[in-house]
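Here are the chains, one letter per residue:
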Amino acid sequence: MSKERTYTKSGYEALLKEMEDLEVAIEKNKKDISTARAFGDLSENSEYTEAKEEQTKLAYRKAELQDMIKNAVVVEEGETDASVIGIGSFVKAYNLTKEKQVSYHIVGSYEADPFSGKISDLSPIGAALVGKRAGDEVTVTLPNGNELRIRVDEVSRA
């Protein structure tokens, strides 16, 4: 299985920013451990225990981010036809099933955040929309078995 992960440019930049912030947090954690160690008996030192637990979490996240960055494939905006839905597309659509306007930003699966309108290109709705254009209609079978009909009204890029 390929470890490649697709990101929009802004999603990839967010990964790099998180790594930068994480490096700062790691340095602070090193100081916290040193300070806690100075308090004496480590077996009864809750500050030391907490700092070491935080060190473990930070190291795990750093390894995870390094792997994500190493295997990232960034989709550049100019590489694709802006009128065709793909990663990086902003889609205005009409949910024919619920009779309401919806908006989606199609992103790579690792930067999806449905609560802010960012849906993965691999999600049921995202996968159904990829490759479509304004005017197209799609029917999506959701994980709960319900069907959703969507009409694409507008496709744009950032």
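Summarised in this report is the structure supplied together with it. (Residues numbered from 1 in each chain as written. Predicted model: local features only at pLDDT ≥ 70, side-chain atom pairs only at ≥ 80, totals over all residues. Heavy atoms only, no water.)

Some details on the packing of helix α1 (residues 9-37) against helix α2 (residues 46-70)
Next up, step 1: For the pair α1 and α2, the least separation of the axes is 9 Å and the interaxial angle reads 155°. One way to sum up the angle between α1 and α2 is to call them roughly antiparallel. Both α1 and α2 take part in a crossing whose hand is left-handed.
Next up, step 2: Class assignment of the residues belonging to the contact of α1 with α2 gives a composition of 15 nonpolar, 3 polar and 9 charged. (Axes fitted to C-alpha atoms, helices over the stretch in contact; angles between N-to-C directions. Helix = DSSP H or I, 4+ residues; strand = E, 2+ residues; numbered from the N terminus. Parallel < 35°, antiparallel > 145°, perpendicular 65-115°, else oblique. Left-handed = near helix turned anticlockwise from the far one by under 90°. Nonpolar A, V, L, I, M, F, W, Y, C, P; charged D, E, K, R; others polar.)

A look at the packing of aromatic side chains
Next up, step 1: Scanning the entire structure with this criterion turns up 1 aromatic pair.
Next up, step 2: Ring geometry for Y7 versus Y110: centroids 6.5 Å apart, planes at 40°, classification tilted. One end of the pair, Y7, is in strand β1 (residues 5-8); the other, Y110, is in the loop between β4 (100-107) and β5 (118-120), with 103 residues separating them in the sequence. (Phe/Tyr/Trp six-rings, centres within 6.5 Å; stacked < 30°, edge-to-face > 60°.)

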